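In case you want the letters, here they are:
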Amino acid sequence: MGLDQITSDIAAAERNAGREEGSTQLIAVSKVQPLERVEAVLKAGHRVFGENRVQEAQGKWPALKEAFGGVELHLIGPLQSNKVRAALELFDAIHTVDSEKLARRIAMISGEIGVTPKIFVQVNTGDEPQKAGVALAEVDTLVATCRELGLNLQGLMCIPPVDEEPSLHFALLAKIAKRNGLAGLSMGMSSDFERAVALGATHVRVGSAIFGDRVRPAG
Ligand SMILES: *Cc1c(COP(=O)(O)O)cnc(C)c1O
């Protein structure tokens, strides 16, 4: 538990997988964590954070960005059309693009305000009916659309089904990314980030293993 432990666990997983050390970016997921825990991780020198709700992030990150320079903020939760502008004013990366409509809106508004956020397409690797993410059969088309729109497309993101071995989903995501010529893989959370690193994750999203249990549900 804690930032140092997770950082060294990631380095060990990289070594075990024969990967270059430091090739995985750790996104510290600070949603619903008490401010003092977030500040402690900032004071320890970490600068890359993830939030899953635009509104919650708006409430805390403008001040934290001001107080601590060089923060990079990643949106890892669903993004509604009416929140795109607010999201693009605050976040440096969006991991949850899962429709052409959303991709178009992001392209339009980023052009207007002059930003080029890093973009990940979220894939519903389990083809779960209620789950966010583009269906497996539609990933290649959405990737092509993001490229046509000139988005700064980095790669793919997934959240495996809770009751399945995550490695199967990580391997599938890696395969789809490769087929599409994409290098970025946003996958792995507190319980499975080492398996994700073994399968090529470039970004792991770790919350509770860094900050401790969330004090209230993340919704
Ligand atoms: C909350 C969240 C995480 C982090 O979860 P932990 O289990 O606390 O590490 C990662 N990814 C997404 C999309 C999340 O919403």
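Note that the coordinates shown come from a computational prediction; the quantities given were computed from them, not determined experimentally.

The rules behind these values
- Residues numbered from 1 in each chain as written.
- Predicted model: local features only at pLDDT ≥ 70, side-chain atom pairs only at ≥ 80, totals over all residues.
- Heavy atoms only, no water.
- UniProt positions renumbered as here; feature names shortened; annotations may be inferred.
- Helix = DSSP H or I, 4+ residues; strand = E, 2+ residues; numbered from the N terminus.
- Buried < 20%, exposed > 50% of the residue type's maximum accessible area, 1.4 Å probe, protein only.
- Near = heavy atom within 4 Å.
- Polar contact = N/O pair within 3.5 Å; in protein donor to acceptor, adjacent residues only side chain to side chain.
- Areas by Shrake-Rupley, 256 points an atom, 1.4 Å probe, with all protein chains shown as cover.
- Nonpolar A, V, L, I, M, F, W, Y, C, P; charged D, E, K, R; others polar.
- Axes fitted to C-alpha atoms, helices over the stretch in contact; angles between N-to-C directions.
- Parallel < 35°, antiparallel > 145°, perpendicular 65-115°, else oblique.
- Left-handed = near helix turned anticlockwise from the far one by under 90°.
- Contact = heavy atoms within 4.5 Å.
- Phe/Tyr/Trp six-rings, centres within 6.5 Å; stacked < 30°, edge-to-face > 60°.
- Salt bridge = Lys/Arg side-chain N within 4 Å of Asp/Glu carboxyl O.

Some words on the UniProt feature "domain: Alanine racemase N-terminal" (unreviewed entry) in the protein
Link 1 in the chain: UniProt marks residues 3–214 with the feature "domain: Alanine racemase N-terminal" (unreviewed entry), using the numbering shown here.
Link 2 in the chain: In residues 3–214, the share of helix is 43% and the share of strand is 17%. The end C-alpha atoms are 15 Å apart.

Notes on the UniProt feature "modified residue: N6-(pyridoxal phosphate)lysine" (unreviewed entry) in the protein
Link 1 in the chain: Per the UniProt record, the feature "modified residue: N6-(pyridoxal phosphate)lysine" (unreviewed entry) sits at Lys31.
Link 2 in the chain: By secondary structure assignment, the location of Lys31 is in the loop between strand S1 (25–29) and helix H2 (35–43).
Link 3 in the chain: The class of Lys31 is buried, set by a relative accessible area of 14%.

What to know about the site of the ligand
Link 1 in the chain: Taken together, Val29, Lys31, Ile76, Ile159, Met189, Ser190, Arg205, Val206, Gly207, Ser208 and Arg214 are the residues near the ligand.
Link 2 in the chain: At a separation of 2.9 Å, a nitrogen atom of the ligand approaches a polar side-chain atom of Arg205.
Link 3 in the chain: A distance of 2.6 Å separates an oxygen atom of the ligand from a polar side-chain atom of Arg214.
Link 4 in the chain: When the ligand is considered free in solution it has 390 Å² of accessible area, and contact with the protein chains removes 90% of it.
Link 5 in the chain: Tallied by class, residues from the shell around the ligand come to five nonpolar, three polar and three charged.

Comments concerning the packing of helix H5 (residues 100–113) against helix H6 (residues 139–148)
Link 1 in the chain: For the pair H5 and H6, the least separation of the axes is 10 Å and the interaxial angle reads 15°. Judged on the interaxial angle alone, H6 and H5 are roughly parallel. For H5 against H6, the interelement crossing comes out right-handed. Along the contact surface, H5 presents Glu100, Ala103 and Arg104, while H6 presents Leu142, Thr145 and Cys146.
Link 2 in the chain: Taken together, the residues of the contact of H5 with H6 break down into three nonpolar, one polar and two charged.

Considerations on the packing of aromatic side chains
Link 1 in the chain: Throughout the structure, instances matching the rule amount to one aromatic pair.
Link 2 in the chain: Look at Phe49 and Trp61: their rings are 4.9 Å apart centre to centre, the planes differ by 45°, and that puts the pair in the tilted class. Taken together, the residues Phe49 in strand S2 (residues 48–51) and Trp61 in helix H3 (residues 54–67) connect sequence positions 12 residues apart. You'll find Phe49 and Trp61 in the same group, each marked buried.

Thoughts on the packing of H2 against H3
Link 1 in the chain: Packing of H2 against H3 brings their axes to within 12 Å, and their N-to-C directions diverge by 35°. Judged by the twist between their axes, the crossing of H2 over H3 is right-handed. Contacts between H2 and H3 involve Leu35, Val38, Glu39 and Leu42 on the former and, on the latter, Lys60, Trp61 and Leu64.
Link 2 in the chain: Residue classes in the contact of H2 with H3 are distributed as five nonpolar, no polar and two charged.

Description of the pattern of salt bridges
Link 1 in the chain: Taken as a whole, this structure holds nine salt bridges when the rule is applied.
Link 2 in the chain: Here Glu112 makes a salt bridge to Arg85, at a shortest N to O gap of 2.9 Å. With Glu112 in helix H5 and Arg85 in helix H4 (residues 84–90), this residue pair connects regions lying 27 residues apart in the sequence.
Link 3 in the chain: In this structure Arg85 comes out as partly exposed when scored by relative accessible area, which is 33%.
Link 4 in the chain: Between Lys131 and Glu128 there is a salt bridge whose closest N-O contact spans 3.0 Å.

Concerning the side chain of Gln33
Link 1 in the chain: Looking at where Gln33 falls in the secondary structure, it is placed in the loop between S1 and H2.
Link 2 in the chain: Excluding anything up to four places from it in sequence, Gln33 contacts Val38, Lys60, Phe211, Gly212, Asp213 and Arg214.

Structural notes on the environment of Leu35
Link 1 in the chain: Within the secondary structure layout, Leu35 lies in helix H2.
Link 2 in the chain: If we ignore the near neighbours within four places in the chain, the residues touching Leu35 are Lys60 and Leu64.

A word on the environment of Leu79
Link 1 in the chain: Tracing the sequence through the fold places Leu79 in the loop between strand S3 (72–75) and H4.
Link 2 in the chain: For Leu79, a relative accessible area of 10% translates into the label buried.
Link 3 in the chain: Ignoring sequence-local partners within four residues, the contact set of Leu79 consists of Val54, Val84, Ala87, Ile94, Thr96, Leu102 and Ile106.

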